[in-house]
Amino acid sequence: MIEFRKEFFANERDDNLNEIGKPTRRQDILGHVTGRSPYFDDHLFEGLLHIRCVRSPHHHARIRRIDVSAAEKMPGVVRVLLGKDVPLNLNTLLSLLDFGLDDEPVLSTTKVAYKGEPVAAIIAESEAQARAAVLAVKVDWEVLPHVLDVEDAVKPGAPVVCDVYPSNKFIYHGKFDHQKLRYGDVEDAFARADHIVEGRYQMSPIEQAPMETCGAIAAPEVNDRFVCFTSTQGLFFSLGTAAKLLTMPSSRLHFVGGTVGGGFGGKVDSMHEPLAILGAMLTGRPCKYAWDREEEMQVGAPRGAERWYIKDGIARDGRILARKFTGYFDSGAYTRLSSYAIIKGVGHLPGPYTIPNVYADVFCVYTNRTPATAMRGFGITGVDFAIEAHMDKGAEMAGLNPIDFRILNSYRDGDMKAHRRLAKNCALVECCQVVAEKGGVVLTQASRAATSLLDGGGERARLPSRTATDQNGIVSGFKGGNYAKKGGGASAPQPVALPIAASAPTPAYPSPASVRPAAPTYQPAATPPPAPQPPAPAADTARHGALRFSSLSGFRRR
Amino acid sequence: MAKKPVTFILNGSERATFAEEGLNLLEFLRRGIGDLSPKYGCGQGTCGACTVIIDGETHLSCLTMAVTIEGRKVETASGLANGKVHPLQEAFMEHFAAQCGYCTPGMLMSAKVLLDRNPAPTRADVIEAISGNLCRCTGYEPIIDAILATANMRRLA
């Protein structure tokens, strides 16, 4: 049963909801039901080689020595890959979007920071031979102390998980060890509040567990190119990542994807394509690198764990006067996409409620757990759970029905939000009213009369007269420029020469100079004016995803 | 590894080939024969994506040795459409019973064996029949609806 109330979206494009509510056949469903949809592994190659990785049995260990001599002599082994064979053996996924420092090797050479981290790869004629040879690789480990809890990881003296970020915290905007949100003055409001409600919420990692495990098959193609069939969810993202790590122009890579056997976010990390292509480059034969189910569960990046502390100050009538968050995202051993999850999550605070004073410190924390990545609404789901659980707690404290409490505090159209944009097309009040009706909950007269169309704006559209700011968590030694290290900066490892025709690098992503800085969309009076803008490039290559992302992260304007 | 001759019927046509003794039926069908419809999901017999029909019974091809199909009849999802799509396939399309599609071939095999044996299954029978087939897109309800609809259509026909 779907009910449309288009009046709440009157200022939006009127497309008459042509598709919504009407059954439509998927365009790919005939292939699905006849077993003919071409997933990455449904491409047959003569002489296919199989890649299996040697993985760390420890959460945290230094690599003293890797001895592959016995493995190299095993039956069927064609080649053994080590970190030194990877042209650019350090990456962070979001470097394609100009965000974060390269922190993760393809095959680690110095130390491992999570259980299952790969340190070598066997390429063999059969999967069984590759598995046997993996067992023959001898690694001399020096086991290091590990840390598995986000709050333990940020304590002084905690083991350093990732050398690039010695405080075990991602550095935002080259400036702070956490992402801040400051709006009004929460401490002042807490002093005036009738009730203080505090809560601690946490969520475990969740594995996406797609039916098809992640993988890729790469093969030499004609004209000095390589074809790569992949399960990736982000074809051009994986293409850019492979081009960067292999230091080759993306025009030499022919990626084929689009048929994904379930992803749910877990197939964006581009772990397989670079190694499969490298195998094809070095052996001249088709190579398949895919996880088995055990690897998918153990080393496949999950939705990261989160821990949230929320403190509300509530007036006697139930209005929330202030809300303060301290959040810890467990990024695992490397950044992957957790830094971005927090940007997204903080943009979502304090939930869909008009609260005049909001404060958040959210940390992207490194621990010796499996690196975390995307999964269905990541960055939002965990904190939404925390917010809504906390709303129930607040309602109880204020002596209100939880739905009345939500209606009282919900955004109305025209209200100022904590990230300094006006709310529009809210309809949360009306959704709550429908929920109450369906659930047989009797609302107060005021809740029944409330409307998101008329009750907002005016006084509620004003910014706080004063916003309390601070320099907590400021760091030094990180420069803004560190975050624009496309294709590897000066301090990045020198690319290894490969036995292939060298071509002028024309990476899939634009060079730093060609990315136009985002114009600031809003500047609160309390913050200093933006730094001088770099000159705009002549070429119109600036219309790129990086533009919007930079604008979102705010990095480019600080 | 030593190879043994294997003669069997695949989707109604006779096949004569060789199989390594330790090879499982899934790899044999996929890489040896080129029938890519059974899928690898776990290799441990827990997910059902590799389900095939052998002599009218569902089997997990990842846990079945290829050489054991000597003289037997094997059916896979790629053979389900015989000139035109099978009623089960039509119902799966009509009821949106596939999202990513990866569990679908195995799901169809389990459904076919159920309907071949029991033309009027209850909802509980359907749930029991596909209990060995995981769908991570969690589209179980449309799948159950599609199988029940196929049974109803057949009774009316």
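Computed from a prediction, not measured in an experiment: that's the story for all the values here. (Residues numbered from 1 in each chain as written. Chains lettered and ligands numbered in written order. Predicted model: local features only at pLDDT ≥ 70, side-chain atom pairs only at ≥ 80, totals over all residues.)

### Structural notes on the sheet that holds strand E4 (residues 57-60) of chain B
Residues and elements named next belong to chain B.
Here is step 1: Taken in spatial order, the 5 strands make up an open sheet running E2-E1-E5-E3-E4, and their pairing is mixed. Two strands lie at the open edges of the sheet, namely strand E2 (13-20) and E4, each paired on one side alone. The average undirected angle you get between the axes of adjacent strands in this sheet is 40°.
Here is step 2: Here strand E3 (residues 51-54) pairs with strand E5 (residues 73-75) via 2 bridges, running antiparallel. Note that in E5 the partner of Ile53 across the bridge is Glu75.
Here is step 3: Running over the sheet, helix H1 (residues 25-33) touches strand E1 (3-10), E2 and E3 and is turned about 110° from E2.
Here is step 4: Its contacts with the sheet put helix H3 (residues 104-117) on E3 and E4, and the angle it makes with E3 is roughly 35°. (Pairing = 2+ DSSP bridges. Helix = DSSP H or I, 4+ residues; strand = E, 2+ residues; numbered from the N terminus. Axes fitted to C-alpha atoms, helices over the stretch in contact; angles between N-to-C directions. Contact = placed C-beta atoms within 7 Å.)

### Considering the packing of helix H2 (residues 87-94) of chain B against H3(B)
Residue and element names in this part refer to chain B.
Here is step 1: Relative orientation of the contacting elements H2 and H3 amounts to 125°, with a least axis distance of 10 Å. What the angle tells us is that H2 and H3 run oblique. In this structure, H2 meets H3 at a crossing whose hand is right-handed. Counted together, Leu88, Gln89 and Phe92 of H2 and Thr104, Leu108, Ala111 and Lys112 of H3 form the full contact between these two elements.
Here is step 2: For the contact of H2 with H3, a count of residues per class yields 4 nonpolar, 2 polar and 1 charged. (Parallel < 35°, antiparallel > 145°, perpendicular 65-115°, else oblique. Left-handed = near helix turned anticlockwise from the far one by under 90°. Nonpolar A, V, L, I, M, F, W, Y, C, P; charged D, E, K, R; others polar.)

### Side note on helix H7 (residues 272-283) of chain A
All names here are of chain A.
Here is step 1: Between its terminal C-alpha atoms H7 stretches 16 Å, which fits the 16 Å expected from 12 residues at 1.5 Å a residue.
Here is step 2: Summarising burial for H7: 10 of the 12 residues are buried, a large majority.
Here is step 3: Restricting attention to buried positions, one finds in H7 the residues His272, Glu273, Pro274, Leu275, Ala276, Ile277, Leu278, Gly279, Ala280 and Met281. (Expected span 1.5 Å × (residues − 1). Buried ≥ 20, exposed ≤ 12 C-beta atoms within 10 Å, placed from the backbone.)

### A word on the environment of A:His178
Residues and elements named next belong to chain A.
Here is step 1: For His178, the position within the fold is in the loop between helix H4 (150-153) and strand E7 (179-183).
Here is step 2: Once the C-alpha coordinates of His178 and Glu396 are considered, the two residues, 218 residues apart in sequence, prove to be 32 Å apart.
Here is step 3: The residues contacting His178, other than those within four sequence positions of it, are Lys169, Tyr172, Asp361, Val362, Phe363 and Gly473.

### Quick word on helix H10 (residues 381-398) of chain A
All names here are of chain A.
Here is step 1: With 18 residues, H10 should reach 26 Å at 1.5 Å per residue; the first-to-last C-alpha distance of 25 Å fits that figure.
Here is step 2: The set of residues buried in H10 consists of Gly382, Val383, Ala386, Ile387, His390, Met391, Gly394, Ala395 and Ala398.
Here is step 3: Residues of H10 that are buried make contact with strand E8 (195-203), strand E13 (306-314), strand E14 (320-332), helix H9 (338-348) and helix H11 (402-409).
Here is step 4: Following H10 by one or two positions, Gly399 adopts a phi angle in the positive range, close to 75°.

### Re the environment of A:Leu245
Residues and elements named next belong to chain A.
Here is step 1: Mapped onto the fold, Leu245 is located in helix H6 (residues 235-245).
Here is step 2: Spatially, the C-alpha atoms of Leu245 and Leu275 are 9.4 Å apart, while their sequence positions differ by 30 residues.
Here is step 3: If sequence neighbours within four positions are ignored, Leu245 has contacts with Val86, Pro87, Leu88, Asn91, Val106 and Pro274.

### Looking at the pairing of strand E15 (residues 357-366) of chain A
Residues and elements named next belong to chain A.
Here is step 1: Buried residues dominate E15, accounting for 10 of its 10 residues.
Here is step 2: Residues Asn357, Tyr359, Asp361, Phe363 and Val365 point to one face of E15 and Val358, Ala360, Val362, Cys364 and Tyr366 to the other, with burial holding for every one of them.
Here is step 3: The sheet contact formed by E14 and E15 spans 10 bridges and is parallel. For Arg323, the partnering residue across the bridge sits in E15 and is Val358.

### So, the domain arrangement of chain B
Interface size is commonly expressed as the accessible area that is lost once the parts come together.
All names here are of chain B.
Here is step 1: Domain boundaries in chain B define domain 1 (3-79) and domain 2 (87-156).
Here is step 2: A C-alpha centroid distance of 21 Å is found between domain 1 and domain 2.
Here is step 3: With 15 residues of domain 1 at the interface, the matching set in domain 2 holds 13 residues.
Here is step 4: Within the residue set of the side of domain 1 that touches domain 2, elements represented by two or more residues are E3 and E4.
Here is step 5: The leading source of residues in the side of domain 1 that touches domain 2 is E3, at 3 residues.
Here is step 6: Across the side of domain 1 that touches domain 2, the residue classes tally to 7 nonpolar, 6 polar and 2 charged. (Domains from an automatic or database assignment.)

### A look at the environment of B:Lys3
Residues and elements named next belong to chain B.
Here is step 1: As for its placement among the helices and strands, Lys3 is situated in strand E1.
Here is step 2: For the pair Lys3 and Val67, spaced 64 residues apart in sequence, the C-alpha to C-alpha distance is 9.1 Å.
Here is step 3: With residues up to four places along the chain from it excluded, the contact list for Lys3 reads Phe18, Ala19 and Glu20.

### Some details on the sheet that holds strand E4 (residues 111-112) of chain A
Pairing between the strands of a sheet comes from backbone hydrogen bonds, and it takes one of two forms, parallel or antiparallel.
Residues and elements named next belong to chain A.
Here is step 1: An order of E4-E2-E6 is seen for the 3 strands of this open sheet, with the pairing classed as antiparallel. In the strand order of this sheet, the two ends are held by E4 and strand E6 (138-143), each with one partner.
Here is step 2: Across 2 bridges, strand E2 (residues 61-67) lies against E4 in antiparallel orientation. Directly across from Arg62, in E4, lies its bridge partner Lys111.

### Some words on the domain arrangement of chain A
Here is step 1: What the domain assignment lists for chain A is domain 1 (49-144 + 209-298) and domain 2 (165-204 + 302-461).
Here is step 2: Looking at the side of domain 1 of chain A that touches domain 2 of chain A residue by residue, the class counts come to 7 nonpolar, 7 polar and 4 charged.

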